[in-house]
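Here is what each chain is made of, one letter per residue.
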Amino acid sequence: MRLRSLLTPAVLAAALAAHGVSLAQDGGFTISPENGEPAPLPTTRPETDGADAVLPPPPTNRFGRPTPPPFDINGDGRAPVVNFQEEPEVIFRPSTTVSPLSDGRGPLPVLPFDATNRSQLQDLTRLLHESNEDVRELRVLVDGSQQWIDAVIDRPIVPRRTIRLDGEIDYASWTFFLSAAEASRGGTLTVGFTNSVLVLPEASRLRVFLNGRQIAQTAIDSPDRTKVIALPIAAGLLRPGNNAVRIETDMRHRIDCSVDATFELWTRIDTRLTGFSFDGGRATLSGLNDIPGVGVGSNGATLLRILQRNPASGVNKDRALRAAQAAAVRGRFVQPLVEVSDLRDLQAPAPGVLNIIIGTYNQLQSAVPSVPAEGASGPILALVDNADLGPTVFITGPSERAVENALARFNASGAQEAPRLPIAATPPWLVPDSVPIEKDDGVSLDRAGVKTINFSGRRFTTDFRVTLPPDFYASAYGEATLYLDAAYSSDVEPGSRLSVLVNGELSTAISFTSSRGEVFEDFPITLPMRNFRPGVNQVAIVADLETEADRACLPGGTVPSRDRFVLFSSTELVFPEFARIGQLPNLASFATNGSPYSLSPEPVRVYIGGTSFDTIGAAGTLMSNIAISRGMPISTNVIDSVSQYADAGAIIVAPLQDVSTAALEATGASRVIPATWLQPFPPDGSASEPEGLERYDAVLRRLRQQLRQEEVRLDRAANGNVDRGVRQDIAADPLSDGGVTRDRWFEDLQQERGIGTMLSGAVRSLRNALSLGFSGRSRGGFAGPGDLRPVGDDATLILAQAPAPANDRSAWTLVTAPTAGLLSASVAAISAPDDWNRIGGQITAFDVENSNIQTVAVGNVNYLATVPLTFANFRLIAANWFSINSSVYAVVLVVAAAALGFLTWLLVRPVGRKD
């Protein structure tokens with residue numbers, strides 16, 4: 001029974017006290033032992049031998065405030081907090097939130113305050129750039145529709161368009177690059193977030209990790225405004241090169257204990273207010289090896305702005321593609337976007353922007369300041385970073401030949417990988433990455449970046465990623481096996497279940513049957529290979545844990561209690577040996593490494609339709625993202641027409657009006673073009689909507705507003721029909737120890753690893769092998785050439801691939817949109833990693849406004865040898881082909897049976913007695 005109307009603060013406090021939880025005046029809380037005494041703060045590091053350490057007074061600044069990280073902003077003392085400035089490391093408990101101070105130019109605003117105009121923005125900027133050692137906590141109201149909010153921090157660091165952490169536990173992690181000058185200066189790390197009103201702040205925490213160290217913990221308690229925490233970071237905590245950030249959330253519901261209620265919990269990270277502000281302002285980059293230090297803008301992308309004289313000429317189009325790919329690979333940018341401009345169109349520096357200026361010295365000298373004087377005498381490749389230009393790569397020389405030589409140096413394979421400084425002592429759980437799988441191989445959760453996780457909530461979920469090769473060919477047969485190492489307690493009721501999803505599709509589900517709890521060791525769960533695809537694949541493990549206490553849901557029942565479930569990092573996903581052969585068409589392989597163009601050493605012919613700078617930029621964005629996925633640039637050759645290359649491969653990037661009928665027919669795009677595309681559009685520049693990447697930025701601003709509106713609706717509909725999607729990320733306990741945790745679960749559940757466990761495991765394995773009850777999307781037949789259906793009218797981009805008209809061993813790939821502006825904006829949007837990994841099939845349609853992707857399955861498939869056709873590989877290829885073409889297999893089976901019967905009759909006819 002839910003006592004919503006009776007859940008007053010006094011009742012809640014009494015209920016929490018009954019569970020050993022006391023509320024603090026500052027909004028924090030402490031957990032007390034069973035005897036009711038206050039829990040002592042730990043005095044040793046979890047990994048030490050237990051020797052006590054003396055607690056010195058917390059260090060203070062000139063204002064008498066404790067300052068060194070890590071910071072427990074709410075002062076709740078729940079998690080062990082480590083001072084890592086000096087050895088031996090000790091624990092301390094800093095004070096609560098510090099108010100902003102005067103900077104000598106007048107008092108700063110009283111918190112909370114708004115930042116909805118430029119004057120208020122200056123106040124916010126002053127506060128975040130204030131050079132002191134205090135931890136500051138702000139409540140800010142930001143106008144999400146304004147673009148000028150991007151200028152608040154020096155270096156945005158979130159390489160995503162938006163981050164929302166959902167459910168009871170979740171996380172986001174990434175790396176960012178700092179130059180040696182930036183790392184040596186230190187600065188302020190700010191993290192901004194807002195959350196659902198249904199999150200219980202007394203029991204919900206957000207934690208921030210930097211390079212493996214927890215530096216902050218704060219209550220999740222800001223549903224109406226953006227909460228910004230500003231953390232002073234000493235130079236010793238930063239490293240030249242890659243630095244790792246991880247943000248974890250642990251949330252509990254205010255009033256509802258059901259599994260469904262966990263979908264109403266969310267915390268959204270404000271990417272515009274999360275980043276670094278350096279002491280003394282932004283540090284300049286010193287050379288080409290610092291190109292990764294360009295970083296990202298507040299949209300999560302890196303803008304490569306290419307400036308040339310007459311950019312629409314064939315030679316300069318080709319140079320733009322080559323330079324964009326080289327810069328993207330050198331910088332290891334997650335989402336590079338390309339903008340092409342004339343030399344006279346210089347713009348002010350901005351975060352996440354790299355200028356690439358190409359031309360002869362005489363062309364540049366008259367239009368661009370700061371061009372290196374050495375360009376007058378020879379080919380020059382140099383990076384200049386000043387207040388007028390920002391980070392700028394000059395590719396110049398006294399002649400066109402010298403410019404080509406400088407560009408070749410920029411694009412050379414030896415220069416693609418700038419020296420990488422490893423993130424020393426950074427555990428894999430902090431920066432998980434996709435694990436490559438080349439053949440029959442296994443990947444443990446520990447290798448994939450997921451540590452052992454103990455969980456006390458209602459819906460557990462975690463995920464990891466594996467990357468399959470572009471010539472992966474096992475979509476219709478075979479099974480991968482997940483060997484599960486996990487346990488659930490006796491509190492979990494029978495009927496609770498664990499599900500495994502691959503790329504968002506339910507692959508397998510098992511039910512928990514024991515009322516006494518159970519420990520799984522190497523429990524096999526089969527995952528059909530049809531759920532996997534070439535490129536990056538996401539595997540999610542989800543457990544819905546029902547308990548009797550949750551149904552009662554007494555006041556305070558949502559507060560964390562004893563662990564209900566544990567997933568051990570020894571859990572392993574094992575792939576069988578699978579077939580390897582290229583397929584044409586296959587846009588998933590194209591997005592993975594540019595296949596099939598990457599199979600040939602010849603330059604790829606690229607047709608860029610029209611003279612619009614937006615179209616050239618779209619082609620550059622496409623090719624630079626393929627180069628990032630592949631790990632190296634693809635050699636290109638820009639052509640004026642595709643009609644003369646009917647027997648060769650080509651990539652066609654053009655608005656619909658500049659695409660030839662031959663290209664539309666050859667790729668099949670003519671049969672899926674929406675009717676709305678055929679209506680007349682205003683000439684370029686006359687439309688009311690912004691064009692190109694300006695439109696992309698406008699879409700992102702609308703997306704932020706839409707997300708906020710959706711979140712408000714979720715808050716208001718606590719018992720309504722809420723989208724029960726599957727979260728994609730989850731938090732891991734960095735301090736958990738798999739071996740100790742495993743022994744504790746065995747002891748708690750009174751289970752032993754004996755003959756009984758082995759026999760029960762064998763019975764489960766046999767039952768699992770004979771079971772046909774897994775649930776997933778059924779696989780339909782492939783679309784034939786005449787079965788292509790028009791895509792949705794909202795589509796703003798179409799990618800289509802098919803064999804070249806006169807050569808079925810080569811491919812034509814078409815990328816088109818109604819206008820050049822929509823082409824640039826849509827290619828920029830689909831290049832975001834989450835969308836880029838969804839490209840597939842023969843045709844992919846994309847809607848830039850809603851990020852919707854629709855794929856059309858492949859019809860007729862051509863096969864391209866990518867590895868030697870050994871007998872084993874050929875057998876696997878045949879198995880998958882016959883599984884796809886089951887009717888052919890049935891006919892072949894009948895014919896083989898008839899042939900065997902006929903041969904048997906011929907052999908036995910002469911044998912035996914004849915009458």
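You'll find the structure just up there.
Not measured: the values here are computed from a predicted model.

Cut-offs and rules
- Residues numbered from 1 in each chain as written.
- Predicted model: local features only at pLDDT ≥ 70, side-chain atom pairs only at ≥ 80, totals over all residues.
- Heavy atoms only, no water.
- Patch = residues over 30% accessible without salt bridge, like charges linked within 9 Å, V, L, I, M, F, W, Y side chains within 5 Å.
- Areas by Shrake-Rupley, 256 points an atom, 1.4 Å probe, with all protein chains shown as cover.
- Salt bridge = Lys/Arg side-chain N within 4 Å of Asp/Glu carboxyl O.
- Helix = DSSP H or I, 4+ residues; strand = E, 2+ residues; numbered from the N terminus.
- Buried < 20%, exposed > 50% of the residue type's maximum accessible area, 1.4 Å probe, protein only.
- Pairing = 2+ DSSP bridges.
- Phe/Tyr/Trp six-rings, centres within 6.5 Å; stacked < 30°, edge-to-face > 60°.

(A) A nonpolar patch on the surface, seen in detail. There is a patch of nonpolar side chains on the surface, built from Phe902, Leu903, Trp905 and Leu906 and spanning about 420 Å² of accessible area. Its place among the elements puts Trp905 in helix H17 (residues 886–908). Judged by relative accessible area, which is 45%, Trp905 ranks as partly exposed.

(B) Main features of the pairing of strand E28 (residues 505–511). In this sheet, E28 lies alongside strand E27 (residues 497–502) in antiparallel orientation, the contact comprising six bridges. Within E28, the residue paired with Ser499 across the bridge is Ala509.

(C) Up close: unusual backbone geometry. A cis amide bond, omega 5°, links Leu584 with the succeeding residue Pro585. Following the sequence through the fold, Pro585 ends up in the loop between strand E34 (582–584) and helix H8 (587–593). Following Ser595, the chain continues to Pro596 via a peptide bond in cis, the omega torsion being 5°. Relative to the assigned elements, Pro596 resides in the loop between H8 and strand E35 (604–608). Look at Asp522: it is not a glycine, yet its phi comes out positive at around 50°. Backbone geometry at Ser851 places phi at a positive 60°, although glycine is not the residue there.

(D) How the structure looks around the packing of aromatic side chains. Following the criterion strictly, the structure yields 13 aromatic pairs and no others. With a centroid separation of 5.1 Å and an interplanar angle of 70°, the aromatic rings of Phe472 and Phe578 are classed as edge-to-face. Within this pair, whereas Phe472 is found in strand E25 (residues 472–473), its partner Phe578 is found in the loop between strand E32 (572–574) and strand E33 (579–580), the two being separated by 106 residues in sequence. Each member of the pair, Phe472 as well as Phe578, is classed as buried. Summarising the aromatic geometry, the rings of Tyr488 and Phe512 are spaced 4.2 Å apart at their centres and angled 15° between planes, so their arrangement reads as stacked. One end of the pair, Tyr488, is in strand E26 (residues 479–488); the other, Phe512, is in the loop between E28 and strand E29 (518–528), and 24 residues separate them in sequence. The class for Tyr488 is buried, based on a relative accessible area of 0%.

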